[in-house]
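# Architecture and fold: a report
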Amino acid sequence: MSASVETPEARRERLLGVLKSHREAVQQVMQFEQNLDSETKSLDAVDVDSVEHLAQHPSEVYAAYSELQKFARGLNLQLPVPEIVFIGPAGHGKSALIEAILGQVFTGEGGTKRPMTIQVVNNPQCVVPRCTLKRDTFLKEFNHDEEVPIERLTEELQKRNQPSEVPFILQWEHCSCINSLLFDMPGFIPDPSDPSFSKIEELALEFIKPSHRMIVVVRPCVDIQIPDASDFVMDLVRKCDPSLNRTVLLYTRLFAQLQQPEFHATSRVNKFLSGSVVDASHQFFATLLSRGLRATLTESYDFTLKLAKCSHRDLLILEQKQFDKRFEKTIGIPAFLTFLLEHTTRTYKNAIPTILKRLRQENINNSKKMAKLMEEEKCLAVESLRSSAVHYVVQFVKTIESLLEGTAEGYPTIHGQTLEQEKQQCGIIGQWADSTGALIEVQPNLWNVPYWDHKVYGGQQFNRLLSEFKAVSEHSQLPEVSDDEIATATGVPKQTNLPNFVWAACDIAKQKTQEVFMPLIEELLQRASFVVKRLPVIAAAIISMHEKNSPGIQGRSVGQYPFFTNHVHDLFNTSVDHFVKVCKEKCMDEFFSTHTIYWDLTHNYKTLTASTVTEVVPLTQQLFTMCKERIASNVILKCHNYLLTPLLTDLWAEIHTKVNAIPSEALQKLFEVEPASKSLQIQKKKLKAIIDKSASNEQKFVELSSQFTHSNSGSS
């Protein structure tokens with residue numbers, strides 16, 4: 001097409017050249033119309049006494065459509081709304097065509113100066129159209145919704161029809177219509193030199209650009225005779241719809257055109273009817289009522305009857321001219337309305353399978369829910385509860401073992417603790433103290449305590465605690481030894497009548513070791529208990545995550561039964577307390593008697609001795625260091641052997657035995673069987689009502705959709 005490479009200047013010159021001949025032809029047609037003082041008599045002579053010629057659905061179709069809307073809303077579905085944009089040169093019938101679609105005269109003088117959006121809404125309650133002018137964002141005096149009687153609609157539209165690019169909205173509710181959106185655009189001034197030409201062009205482009213909208217181009221019949229006439233409109237349309245698949249052409253002023261002398265020949269008429277730029281199924285030729293005649297028709301029936309007579313009259317003239325009957329479906333407003341109605345209902349019919357699919361899916365889902373409730377009811381039996389309880393204990397113990405052995409499943413950033421956070425959570429027991437009760441300042445970064453600034457839990461947190469204990473032990477010093485303590489510890493002289501200073505050193509070392517390590521071991525085991533007792537909460541989070549993919553009792557996680565899970569956690573804590581108690585007893589065995597220390601020293605370390613009182617303290621220091629190293633090392637080993645190892649090996653037997661021994665009545669209380677059973681009965685009752693209603697709705701929907709589809713097909 002040459003316009004694709006045409007420069008803007010060349011296009012402007014071409015259009016200006018065409019305009020002259022175009023205006024002359026249009027003026028001839030308009031002059032013919034204006035001189036038609038006998039227009040009314042001409043139409044009255046046409047033998048049409050009803051509006052049956054105008055395309056319209058039977059009333060039951062609109063009722064079925066209204067019900068379909070209700071179904072869609074109930075399923076949270078939005079039925080697709082057909083959208084149609086009307087564009088074309090000014091003064092050639094866009095607004096009159098929209099009036100013909102709605103069956104009511106409501107536009108006034110002056111043409112369309114700003115876009116008007118008409119929201120066509122099916123409302124079974126509205127036998128007479130209900131018109132609501134929505135809030136106007138351009139004219140501040142109309143910044144509110146206003147319902148307008150049909151007899152005042154023309155006046156109110158004129159008030160809002162002021163030059164602007166901002167559309168105003170008319171909501172049109174009626175029982176005999178199907179939801180749609182109509183866009184009436186300002187008419188083109190067919191003169192590229194006019195200042196408003198480019199603005200109207202840009203505005204029209206914005207409205208026709210969405211690919212789901214139908215474009216109706218309204219232009220006079222004379223355009224077919226004059227090459228390039230109104231091409232500025234078609235050039236614009238092709239920018240958004242190059243193949244013109246969603247474009248419909250309606251040529252107006254057919255009756256006046258047929259009166260021209262050159263249209264007496266049949267060949268000329270047929271050539272005229274075939275001279276469109278789009279597919280034959282997308283072009284129509286019609287005569288609309290003149291503005292003067294429309295102004296006299298206040299009743300919808302009279303208006304639609306006149307339109308029917310216009311079409312019938314045009315067909316009679318074409319038959320007299322022996323036109324090709326293949327073009328009959330393109331002649332008159334009824335033919336156009338039939339096409340438009342088929343397009344609109346086709347849009348909705350295409351949505352029916354989606355609604356039916358959603359409705360049936362809802363029924364399937366509800367049936368699945370009922371089956372699930374029935375299964376949940378079976379799961380409330382004692383045997384099922386006990387099986388679920390044992391299964392949870394297995395998961396719980398395995399998860400505890402996993403946390404102690406090492407896993408990141410428990411979300412360290414959430415459940416982990418740094419060394420400082422651990423101590424803060426422990427409170428006063430989180431601080432190390434010396435033999436006098438004074439707090440020991442721990443320097444984990446200098447004392448090589450691993451992961452002191454990392455968030456850890458489980459086995460790693462336990463090992464970090466043992467490392468901290470070891471570091472504190474290594475930095476523990478021998479408390480001050482007084483002369484009184486040395487004198488007292490020396491005791492009664494032996495057979496040699498010489499003081500036993502070695503015995504004194506052994507006794508003081510034993511006493512000072514107890515003073516230093518008793519509070520450290522106490523702190524260690526309290527902290528160890530705290531670290532281990534944190535694990536059930538972390539384990540519950542991991543189990544909950546796993547059970548989302550494999551639901552347990554009643555389709556719910558056992559973790560949602562706090563009485564039972566808390567009972568399991570209490571059993572775990574009781575076992576931990578027992579293991580800690582045993583571990584503490586074993587740790588206390590590390591405090592040897594004076595005889596033991598003395599025997600070990602005299603038999604294994606004969607070079608270490610004290611023969612004078614001044615040598616007692618150095619020997620005590622040596623003995624303290626030896627005891628400190630032995631106690632610290634052995635306490636760590638015993639924490640592994642009597643606390644950590646039982647958690648990994650004996651915990652299952654401890655908890656499983658106690659859970660398995662829970663009486664049936666107590667187990668039902670832990671799983672809250674009574675309230676759960678009542679809740680299930682209420683849910684089943686409600687769901688049964690929903691299922692019954694859904695089944696009825698599905699049958700009703702199928703009937704309505706069939707009625708909507710077949711009735712419409714029959715009316716077409």
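Right above here is the structure, for reference.
The structure displayed is predicted, hence computed values, not measured ones.

With that settled, the discussion passes to the overall build of the protein chain. Looking only at helices and strands, one finds 26 helices and 9 strands in the protein chain. Going through the 716 residues of the protein chain one by one, you find that 48% of them count as buried. Counted over contacts in the protein chain with a minimum sequence separation of 6, partners at least 24 positions apart contribute 83%. Accessible area for the protein chain stands at about 35000 Å²; split by element, carbon and sulfur atoms hold 53% of it.

What follows is about the pairing of strand E5 (residues 168-174). Among the 7 residues that make up E5, 6 are buried, leaving the element largely enclosed by the rest of the structure. Examined bridge by bridge, strand E2 (residues 116-122) and E5 share 7 bridges and lie parallel to one another. The residue of E5 that forms the bridge with Ile118 is Leu170. The sheet contact formed by strand E3 (residues 130-133) and E5 spans 4 bridges and is antiparallel. Residue pairing for E5: Cys131 is matched across the bridge by Trp172.

Summed over all chains, the structure comprises 29 salt bridges. Across the pair Lys684 and Glu377 runs a salt bridge, and its minimum N-O distance is 2.9 Å. Note that Lys684 is positioned in helix H26 (residues 673-715) and Glu377 in helix H13 (residues 333-378), a separation of 307 residues in sequence. Given a relative accessible area of 16%, Lys684 falls into the buried group. Among the residues examined, Glu377 registers a relative accessible area of 27% and is labelled partly exposed. Among the ionic pairs, Glu422 bridges to Arg527, the shortest N-O distance being 2.8 Å. In this pair, Glu422 is assigned in helix H16 (residues 419-426) and Arg527 in helix H19 (residues 501-533), connecting sequence segments 105 residues apart. Neither Glu422 nor Arg527 differs from the other in exposure class; each is buried.

Attention now moves to the side chain of Asn122. Along the chain, the position of Asn122 falls in strand E2. At a separation of 3.2 Å, a polar atom in the side chain of Asn122 contacts the main-chain carbonyl oxygen of Cys175. There is a polar contact of 2.8 Å between the side chain of Asn122 and the backbone oxygen of Cys177. In this structure Asn122 touches Tyr62, Tyr65, Ser66, Gln69, His174, Cys175, Cys177 and Asn179, once residues within four positions along its chain are discounted.

A word on the pairing of strand E7 (residues 214-220). In terms of burial, E7 is a largely internal element, 7 of the 7 residues being buried. Where burial is concerned, the two faces of E7 agree: the one with Met214, Val216, Val218 and Pro220 and the one with Ile215, Val217 and Arg219 are both buried. Across 6 bridges, E7 lies against strand E8 (residues 247-252) in parallel orientation. The residue of E8 that forms the bridge with Arg219 is Tyr251.

Moving on, we come to the sheet that holds E8. Across the sheet, which stays open at both edges, the 9 strands sit in the order E4-E3-E5-E2-E6-E1-E7-E8-E9 with mixed pairing between neighbours. Every other strand in the sheet has two partners, leaving strand E4 (146-148) and strand E9 (283-285) as the edge strands with one partner each. For this sheet, the mean angle separating the axes of adjacent strands, direction not counted, is 20 degrees. The sheet contact formed by strand E1 (residues 83-87) and strand E6 (residues 180-184) spans 4 bridges and is parallel. From the neighbouring strand, Glu83 faces E6, where its bridge partner is Leu181.

With 89 residues, the main nonpolar core has Phe396, Phe469 and Phe564 as its most contacted residues. In terms of residues, this core owes the most to one element, H19, which gives 16 residues.

With that out of the way, let us pick up the packing of helix H21 (residues 562-588) against helix H23 (residues 616-649). Direction vectors running N to C along H21 and H23 enclose 155 degrees, while the axes themselves pass 9 Å from each other. Taken together, the axes of H21 and H23 are roughly antiparallel relative to one another. Note on packing geometry: the crossing formed by H21 with H23 is right-handed. Facing H21, whose interface residues are Phe572, Val576, Phe579, Val580, Val582, Cys583, Lys586 and Cys587, H23 presents Val635, Lys638, Cys639, Tyr642, Leu643, Pro646 and Leu647. Class assignment for the residues of the contact of H21 with H23 results in 13 nonpolar, no polar and 2 charged.

Parameters at a glance
Residues numbered from 1 in each chain as written. Predicted model: local features only at pLDDT ≥ 70, side-chain atom pairs only at ≥ 80, totals over all residues. Heavy atoms only, no water. Helix = DSSP H or I, 4+ residues; strand = E, 2+ residues; numbered from the N terminus. Buried < 20%, exposed > 50% of the residue type's maximum accessible area, 1.4 Å probe, protein only. Contact = heavy atoms within 4.5 Å. Areas by Shrake-Rupley, 256 points an atom, 1.4 Å probe, with all protein chains shown as cover. Pairing = 2+ DSSP bridges. Salt bridge = Lys/Arg side-chain N within 4 Å of Asp/Glu carboxyl O. Polar contact = N/O pair within 3.5 Å; in protein donor to acceptor, adjacent residues only side chain to side chain. Axes fitted to C-alpha atoms, helices over the stretch in contact; angles between N-to-C directions. Core = buried A, V, L, I, M, F, W, Y, C linked by side-chain atoms within 4.5 Å. Parallel < 35°, antiparallel > 145°, perpendicular 65-115°, else oblique. Left-handed = near helix turned anticlockwise from the far one by under 90°. Nonpolar A, V, L, I, M, F, W, Y, C, P; charged D, E, K, R; others polar.

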